[in-house]
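Understanding the architecture of this molecule
In case you want the letters, here they are:
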Amino acid sequence: MRESFDSSKGFPPLADVISSRQHGGSVKTLSTRCAFFAFLTVFATQVAVVCSQQNERAKPDTMSVVISKDSLRNQDLIQVLNSPTVIDNSVTLTVEYRCSRTRTTGVEITADTERRKSEKIYRKVWKCSGGKDSSVLHKNVHIHLAGKYAYRPDRYNPDIEILSRVVIRAWVIDSHRWSKLGLARKEPYKHAFVKVSYNTSVVSPYIRPPDQRICLSWSSSVFRMLDWSKIGFCPKEIETVEVVRYPAAFSGSFHGVFRHFDRYTDRNLEGQRTTQLPDFTVSMWVYILEYCPGARLCSLMHHFSRNDLFLSPLLCFNPEGKLHIQFMLRSGQPMAVLTPFVIPKLQWIHMVFSFRKKQWALDVEYGENFNKSLNTYLNIYEDVVYDDTEDIFTFGGSELMPSFKGYIGKATFYRNKAFYAGQLPRPSPYHPMFELGITARGERCQTYTSKIQHRIYQCRILKKIRDQEVSCPNFFDDIRVNQKLAAEGNQCPIWEAPRSKQYGIVNKLVKQLILSGQMVSRKDIGDAIYKKVVAKIDNSVESVPSVIRLLKQAACYDSYDAMYMLSVILNNGFWVKSDEIQSHAFLMLASLERHRLSMMSLASKHNLGLDGIPLDKEQAFMYYKYVAEQAREDREIHKDTDIVTESVRLTDELQMKEQTDEEGDIFMWMKHQAKQGVLGAQQYVARSLFWGSQGLQRNVQAALEYFRLGAEQQDPVSMYDYGIVLMRGQGTKKNVTKGLELMERSAERGNPNALSALGWHALEMEKNYTKAAAFLERAFKLGNPDAGHNLGHMYLTGKYPNHTVDKVICLSCFEWAAARHQFDAGVILSQFLIKGTDQLSPNTVMAVEWARFMAEKNPHIGHVLRKALKTYKEGNIPLALFYYLLAAESGIEVGNFNLAILCEENKEGIVTYVEKECQWHRFNISLQREEQHIDPYALIKMGDYHWYGCEGNRDADRAVDFYTRAALKRDPHAIFNLAFMVEEGVQLNEGVLRVLRVPRRAMRSNVTLLTELYSRCKESPKTEAYLPCSLALWRIQLLDVWTRYRMWMTVSSAIGITVVTSATLLSIYTYFKGLRNPATMTTGELTPDTV
């Protein structure tokens, strides 16, 4: 809940009744007194809102203006009642006016046309006779606009006008002055005594109605109805396809941007495409860093089938930089040629490849202003096999061929036209590919590194002199080195120039590394600078502006972590001015070297269309797929810094408590139990240390010891874990024989993991497919995901006994395994979905989601999340914000969710550290994924956003949608909010109630519906909801009783009050009467016996 809100924008769904999570997770509930005061507040505010709504009317942009004192004294006035926001010929204006004497009154409409400004498009003028006691008059003015302003363009109304800044003006002018304006009557509004104006608008031309005033013959009417009235509504045919709209980075891997082209819906276009010889053009803006790193051919673009066969055309580079061009001929043979020239690199070039019937041509424009060109062409004397709707085009690489290394800034495919380079328009100089500043940044880095390289050379000579001398080094060594180096040339060496302060830290780092005897590489220098930056930020996030220069220097020395951190800081404006374009530039630089977080960030931005990057699922898939493919390999390469990606939410107190470290109480207790021989504790400690989970640092050697202890106790789980480690040689000497022995003993006890491992060994090592199928089927039935993947592989390759290739079964196996977090199955499934099969149409959205699901398990993301959680638990909120920002930029849902929580709490004013809005934006991003991965708290917050109208636009329907989605996750907060909205007068449609499975009997009235919703809220497993939901339910029940039996309760109350009052008065009367007559009071007589 927010600390304050504007009552005019609506009330919080909980109305301070339901508990709300505050800083630290405390819970507040209202007492009965608070509920009473809340009720009074709601009632009073609603009365104020109703009153204000009655007083508010549509006010003109220019109020009635009195020009002279006579008008003020005699009270001339004019106004248009209920001025329309859109005008057409169906509108009637009601003009209210009064004149103190005879005057001229008028209404006119002006607008800006394509030719001139404030052109009069309508005017109505009439005489107004008045006197001192004249009353207010009303006149209805029917609007009649000319056809070019009011009707849709067609054969009979070709000259239409597009209007803007449309204004309705009404005025009262003295008749004498009106006569002096001349026949044209120009600018009466300017000379009027009283005037008023209203902004309005006219609908766009193709939304206007057709002109029915023209009297046509029957045949002309039919012709018009069939043809001309449909102008502007023809189906869209995509002949020009923007295949790459935003610069894409290609790292030389087997990945690219996939595209599918659809058939035309127009029969003429489709007939032309299928029957005539092909014409097409591909225009690409390319920046080449390396032609073909590590391969014979590297793809620029190619066309291939789902069965992995090359189609026409294929454009790829050889290592020398010549372009390999290949087509498939009608005879079934490929035809390939090399260009006679080398394609320029390290600059932006414009490549245009066109095909006309039986001739292809290549134009290359390059140079400072693209004033240089290279050209070649070839005539083909046989028909070419070409169908652009068949299978897949890829720009970059695919599983068949790696890509070149560099960028494609923009690529356009013209499907039915063949163009030369000079016929195509050039992109704007402000296109992102030019604003990235790749060439300029490379030149700056080269200048910087050359200076540092001289410093390295100087330090190496200094190190050599010190090693040769026995005496202790002193500051005169630097002087001798400079003299020696200066003697080698006539010019002074560059290091004798005054050293820039901005290089001071780097100079010290270089000197320390070289004088310590280390071999220094570019990567070593970059990593050393980056570690220095991290230390500064860990000490204080306020140092971020001062380390920007250091991060750029580290980026010049190939520190990809520095590039990613710099991009996050610049994109979000963390303590600096936001710069999205430069942020994207650093992401692409790091992606060229396959930096996981940078590729995840680019994928997320393309997947959702964030931060100025257009929505492009195919481009997002390219980045996601690479990270997903590397996730399993990155996990199995054991590094101390790699850990499991764990989705720990800051709102989940139980998960927060389970996160520990090597000195934590939980881990120490489990470690003690493990040493005592408790199998469950041994498994917990071993796997936590092996994978680096539960907040622990990865320690393979320690994990092996616990695996061994469990295996000695014949525990099937530990025997499998220890056996698989021995077979792979992870952290220990490889021993396949002993590993297989342990695996077989574990399988005998029914361990599905061991059964799957034996099946894989029989499949890949023994080539015994019958044995493999038997083991894998047993493991599959026990729910092992690896077995599902291996079975899918057998069905895909036709290795399953007595079965041919069956893609339907194999896809079902891959999907089953991928849903259980099997990496390889998820990657293969996403590949099938993006390409499609003979039985399955391509599904780009699902392909991206599967690739994203697997990519988010990469340990590089887990490392950042772990660091963010650790700093949060230590109480360093600003630093936690910074690290969660690093995680959130990768697109992972839990990173965005936790970042939004921190911004919502706003401890220590951390929201001011970030230039961009970080609460609602991050909650919204956390919802952009599969429903099962969304936290209900984020849904509730977005419901609050629309219910409150946080940016001035209240949207009850969207609020209902978000609350309903959260209610389906059995969140009582959301159910309470829906009930409160019903009390506020919002009608829940029947579809929503059916989704919530509200019984039909509960839909009879609002009372039954509220009773059902509040009852569900009260019965929620979350105990903190019991009290507020119970209070709300009792209130509804009491109000229902009062509504039904109000008369009887009023009468009985009156009778009861009368009886009680009468009895009280009678008692009082009797009491006072006894005090006045004490002698009459009954007393006992004294007798001797009594005495």
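As a starting point, this report considers the structure included with it. Sequence order as written defines the numbering, with residues in each chain counted from 1. Local features in a predicted model are, by the rule used here, given only for residues with pLDDT of at least 70; side-chain atom pairs are given and counted only at 80 or more, and totals for whole chains, interfaces and linings are based on all residues. As a rule here, side-chain values come from all non-hydrogen atoms in the structure, and water together with hydrogens is ignored.

Focus: the sheet that holds strand E12 (residues 298-304)
Across the sheet, 6 strands lie side by side as E10-E19-E12-E13-E14-E15; this open sheet has antiparallel pairing. Strands at the two margins of the open sheet, each flanked by one partner only, are strand E10 (256-259) and strand E15 (334-342). Between one strand axis and the next, the sheet turns by 10° as a mean value, whatever way the strands run. In short, DSSP must find at least two bridges between two strands for them to pair. Secondary structure is summarised from DSSP: a helix means a run of H or I of at least four residues, a strand means a run of E of at least two, and numbering begins at the N terminus for each. For helices, the axis comes from a line fit to the C-alpha atoms of the stretch in contact; other axes are also lines fit to C-alpha atoms, and the angle between any two N-to-C directions lies between 0 and 180 degrees.

Brief notes about the pattern of salt bridges
When a carboxyl oxygen of Asp or Glu lies within 4 Å of a side-chain nitrogen of Lys or Arg, that pair is called a salt bridge. Within the structure shown, the criterion is met by 52 salt bridges. Of the charged contacts, one joins Glu705 and Arg708 as a salt bridge, the two residues approaching to 2.3 Å between their closest N and O atoms. Taken together, the residues span about one helical turn, with Glu705 and Arg708 both in helix H21 (residues 700-712) at a distance of 3 residues. For Glu705, a relative accessible area of 36% translates into the label partly exposed. Using a 1.4 Å probe on the protein chains alone, a residue whose accessible area is under 20% of its type maximum counts as buried, one over 50% counts as exposed, and one in between counts as partly exposed. With relative accessibility at 26%, the residue Arg708 sits in the partly exposed group. The partner of Arg922 in a salt bridge is Glu889, and the shortest N-O contact between them spans 3.0 Å. Taken as a pair, Arg922 in helix H33 (residues 920-926) and Glu889 in the loop between helix H31 (877-888) and helix H32 (893-905) lie far apart in primary sequence, 33 residues in all. A relative accessible area of 5% places Glu889 in the buried class. Three or more residues joined by partner-sharing salt bridges are found here, namely Glu580, Lys605, Asp611, Glu889, Lys916 and Arg922.

Remarks on the layout of surface pockets
Estimates place the volume of the largest pocket at around 1,700 Å³. Whether a set of points on the 1 Å grid over the protein atoms alone is a cavity depends on a 1.4 Å probe fitting there but being unable to get out, while an open set qualifies as a pocket with protein on both sides within 12 Å along at least five of seven lines; lining residues are those with an atom within 4 Å of a point. Taken together, 48 residues make up the lining of the largest pocket; nearest its centre are Arg635, Trp691, Asp786, His821 and Phe823. Contributing elements (two or more residues each) for the lining of the largest pocket: helix H17 (617-636), helix H20 (679-691), helix H22 (716-728), helix H24 (752-766), helix H26 (785-797), helix H28 (823-835) and H32. If you tally residues by element for the lining of the largest pocket, the top one is H24, at 7 residues. Considering only residue class, the lining of the largest pocket consists of 17 nonpolar, 13 polar and 18 charged. Surrounding the second largest pocket, 40 residues form its lining, Arg441, Gly442, Cys445, Cys556 and Leu589 being those nearest its centre. Grid points are joined across faces, edges and corners, and a volume is the space filled by probe spheres set on the points. As a working rule, the residues Ala, Val, Leu, Ile, Met, Phe, Trp, Tyr, Cys and Pro are called nonpolar, Asp, Glu, Lys and Arg charged, and the rest polar, with Gly in that last group.

Quick word on empty space enclosed by the protein
Across all of its chains, the model carries 7 cavities of 30 Å³ or more by this definition. Approximately 90 Å³ is the volume found for the largest cavity. Taken together, the elements giving at least two residues each to the lining of the largest cavity come down to helix H30 (859-873) and H32. When its residues are assigned to classes, the lining of the largest cavity shows 6 nonpolar, 3 polar and 2 charged. One number sums up the size of the second largest cavity: a volume of about 70 Å³. Sorting the residues of the lining of the second largest cavity by element identifies helix H16 (596-608) and H33 as the ones contributing at least two each. The residue makeup of the lining of the second largest cavity, split by class, is 3 nonpolar, 4 polar and 4 charged.

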